[in-house]
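# Breakdown of the fold
Below, each chain spelled out in residue letters.
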Amino acid sequence: MNKWIVTITVMIGTIMSSLDTSIVNVAIPYIQGSMGASLEQITWVSTGYLLSNTIIMPIIALLSSRFGRKNFYMFGIALFTLGSALCGIAWNLYAIVVFRIIQGIGGGVLIPIAQAILREVFPKEEQGMAMGIYGMGVVMGPAIGPTLGGWLIDRYSWPWIFYINLPIGIVALIMVNIFIEDPEFLIREKSKIDFLGLIFMAIGFGTLQIFLADGENKDWFTSQYITHLAIIAGAGIIFFVIRELTIKKPAVDLRILKNINFTLGTLLGGVLGMGLFASLFVLPVFLQNLLGYTAFDAGVAMVPRSLAMALMMPIGGKLFNKLGPKILVSFGLILVIISFFQFANLNLNASFWDIFIPQFLQGSGFGFIFVSVSTSALITIEKSDLTFATSIYNVFRLITGSIGVALAATYVDRGTNAYYSVLTQNVSIFSRNTLEYIARLDQVLGIPFQLPDLKIKEMLNETIMQQAMMLSYNHVYLLIMFIFVLSLPLAFFLKGFKDIKRD
């Protein structure tokens, strides 16, 4: 089968699935109003999708070998499409959460299998190119999701962010049926399933996602509910790991982590997921809350990162064989570190170019890192183990992405309170600087100088809060930057084709 026809076929599902991780975010306020839900309740529309993604990904290889990979892939597309249709007609909060879980099970199947298929159809010398194409689908979806979602909601209504998947899903289903076949090495197994391992995995990963999603709202470990979730998640994951390493036929073959190159690549992929998802969460909120952007404008403002990724991923794929992962990943990490340093120095007067330049640098860096890390991580994996490997790689990236979002949300909230406390201690309504600031309001905004004390205090409080939030965002960007700085040494242990030949 022609590799490019196969590529187009699997990329349709990849983009469709990855797009849904972010397109729903801009619709949350509209769904909340339609369903009459509280803010805490409506977060389950996003949490339910990620929860089912996390649980299904590790067992994709098991189910593929049992039912056939092509059949299971088509099942994933059909389930995702059905879930999308049901989400669009959901009549209350409970219905849409259940339908999002159904959609997430289908969506979780698509990305790891697509990655495994692309690894198989491209020859070794074109593996970098294959991962460049795959990477475009994985990272472009979340990047363009807010913009597309904002446009659909403004033009039509929120159900259309789900309905748009229906024709795409049908086309994907037809193309997979025609152009995708099971690989020759796939052995259809009907052996006994490790149900105990699956139960431990579902409990561990499921409660971990809920812990990360609800932690900030419940003030983390001050809540007994969150503390219990953490204990259950930790125990579930520990028992799952012990079970899978000691049983002869595990549901998830964790022994693949003995491959050091794959493990290092997976760790770096996790760092990439943490930084990417955290920044995708923080930047739109910063643009809307502090710079006054609309949701649609914030989505448009993030396009430079998407464009840079789209440009650099194919280039990174072509350069992989020549330069190897060490140089490309190091170069990409340096670009990302510079971009986060620039974000960490933004202020409330940030211009278009102040947002554009670091985003373009960041997108370029992510493009080089993603292609090189995913190619290097899987380069030493046998074809028969690729579906296992891609599932583990992607679920780890998903979990670390959730950790990144949870940490970013926590530090923004707590940092704002801390900086507000410090700033208010150093501001007095009678100080010379304060009086000069109030006088400037008369000149710049036309606000009369002689205002009641209460009004002046309100204006000062609003200004102090904005400055505190700005400092908090700067602090979060600085923390993300240090995560990438600490990951730099790992890049020098990754292997390329030349290193494998020498070994």
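Residues numbered from 1 in each chain as written. Predicted model: local features only at pLDDT ≥ 70, side-chain atom pairs only at ≥ 80, totals over all residues. Heavy atoms only, no water.

### Comments concerning the overall build of the protein chain
Secondary structure summary: the protein chain contains 20 helices and zero strands in total. Looking at the protein chain as a whole, 54% of its 503 residues qualify as buried. A total accessible area of about 22100 Å² is found for the protein chain, and carbon and sulfur atoms account for 68% of it. (Helix = DSSP H or I, 4+ residues; strand = E, 2+ residues; numbered from the N terminus. Buried < 20%, exposed > 50% of the residue type's maximum accessible area, 1.4 Å probe, protein only. Areas by Shrake-Rupley, 256 points an atom, 1.4 Å probe, with all protein chains shown as cover.)

### A word on helix H15 (residues 303-343)
The first and last C-alpha atoms of H15 sit only 16 Å apart over 41 residues, clearly below the 60 Å expected at 1.5 Å per residue. Of all bends in H15, the biggest is about 115 degrees, found at Gly 324, and the proline Pro 325 comes one to four residues later. (Expected span 1.5 Å × (residues − 1). Bend = angle between axes of the 7 residues up to and from the residue.)

### Details of the packing of aromatic side chains
Tallying each qualifying case throughout the model produces 21 aromatic pairs. Ring centres of Tyr 156 and Trp 160 lie 5.5 Å apart, and the angle between their planes is 40 degrees; on these two criteria the pair is classed as tilted. Under the relative-accessibility criterion, Trp 160 is labelled partly exposed at 39%. Arranged with centres 5.8 Å apart and planes meeting at 45 degrees, the rings of Phe 211 and Phe 221 form a pair that is tilted. Highlighted residues: Phe 211 in helix H11 (residues 195-214) and Phe 221 in the loop between H11 and helix H12 (224-246), separated in sequence by ten residues. The exposure class of Phe 211 is buried, given its relative accessible area of 11%. Accessibility expressed as a relative area gives 55% for Phe 221, which makes it exposed. Put simply, the rings of Phe 340, Phe 343, Phe 366, Tyr 477 and Phe 484 touch in pairs and so form one group of aromatic residues. (Phe/Tyr/Trp six-rings, centres within 6.5 Å; stacked < 30°, edge-to-face > 60°.)

### What to know about the nonpolar core
Of all hydrophobic cores here, the largest spans 113 residues; its most connected members are Phe 262, Phe 286, Phe 340 and Phe 484. The element contributing the most residues to this core is helix H13 (residues 260-289), with twelve residues. Sequence-distant contacts of Phe 262, that is, excluding residues within four places in its chain, are made with Ile 256, Leu 257, Ala 377, Leu 378, Ile 381, Ala 389, Ile 392 and Tyr 393. In terms of nonpolar packing, the next biggest core, distinct from the first, is built from 23 residues, Val 24, Met 35, Ile 42 and Trp 158 among them. (Core = buried A, V, L, I, M, F, W, Y, C linked by side-chain atoms within 4.5 Å. Contact = heavy atoms within 4.5 Å.)

### Quick word on the packing of H13 against helix H16 (residues 352-378)
Put simply, H13 and H16 touch, their axes get as near as 9 Å, and they point 155 degrees apart. The angle between H13 and H16 falls in the class roughly antiparallel. Considering only the axes of H13 and H16, their crossing is left-handed. Partitioning the contact of H13 with H16 into residue classes produces 14 nonpolar, nine polar and no charged. (Axes fitted to C-alpha atoms, helices over the stretch in contact; angles between N-to-C directions. Parallel < 35°, antiparallel > 145°, perpendicular 65-115°, else oblique. Left-handed = near helix turned anticlockwise from the far one by under 90°. Nonpolar A, V, L, I, M, F, W, Y, C, P; charged D, E, K, R; others polar.)

### Some remarks on the packing of helix H6 (residues 69-88) against helix H10 (residues 165-179)
At a minimum axis distance of 9 Å, the contact between H6 and H10 shows a crossing angle of 170 degrees. Looking at the two axes, H6 sits roughly antiparallel to H10. The interaxial crossing formed by H6 with H10 has left-handed handedness. Taking contact as the criterion, the partners of Lys 70, Tyr 73, Met 74, Ile 77, Ala 78, Phe 80, Thr 81, Ser 84 and Ala 85 in H6 are, on H10, Asn 165, Leu 166, Gly 169, Ala 172, Leu 173, Val 176 and Asn 177.

### Some thoughts on the pattern of salt bridges
Tallying each qualifying case throughout the model produces five salt bridges. The shortest N-O distance in the salt bridge between Asp 219 and Arg 414 comes to 3.1 Å. Within this pair, whereas Asp 219 is found in the loop between H11 and H12, its partner Arg 414 is found in helix H17 (residues 386-425), the two being separated by 195 residues in sequence. Using a relative accessible area of 38% as the deciding quantity, one classes Asp 219 as partly exposed. The class of Arg 414 is partly exposed, set by a relative accessible area of 42%. Between Arg 255 and Asp 253 there is a salt bridge, and its shortest N-O distance comes to 3.8 Å. (Salt bridge = Lys/Arg side-chain N within 4 Å of Asp/Glu carboxyl O.)

### Concerning unusual backbone geometry
In this structure, Asp 219 is a non-glycine residue whose phi angle is positive, near 60 degrees. For Trp 220, which is not glycine, the phi torsion reads 50 degrees and is therefore positive. Within the element layout of this structure, Trp 220 appears in the loop between H11 and H12. For Trp 220, a relative accessible area of 11% gives the class buried.

### Some words on the confidence of the model for the protein chain
Mean pLDDT over the protein chain stands at 83; residues scoring 70 or higher make up 89%. When mean pLDDT is taken per element in the protein chain, H6 scores highest with 93 and helix H18 (residues 432-444) scores lowest with 58. (pLDDT = per-residue confidence, 0-100.)

### Points about the side chain of Arg 305
Checked against the element boundaries, Arg 305 lands in helix H15. According to the relative accessible area criterion, Arg 305 is buried, its value standing at 2%. Beyond its immediate chain neighbours, meaning those up to four positions away, Arg 305 contacts Ser 279, Leu 280, Leu 283, Gln 359, Gln 362, Gly 363 and Phe 366.

### Concerning a nonpolar patch on the surface
Taken together, the side chains of Leu 196, Ile 199, Ile 203 and Ile 232 define a hydrophobic patch exposed on the protein surface, amounting to about 320 Å² of accessible area. Broken down by element, the nonpolar patch gets its largest block of residues, three residues, from H11. One can find Ile 199 in helix H11. (Patch = residues over 30% accessible without salt bridge, like charges linked within 9 Å, V, L, I, M, F, W, Y side chains within 5 Å.)

### Notes on the environment of Ile 89
On the secondary structure map, Ile 89 appears in the loop between H6 and helix H7 (93-121). The spatial distance from the C-alpha of Ile 89 to the C-alpha of Phe 162 is 9.4 Å, given a sequence separation of 73 residues.

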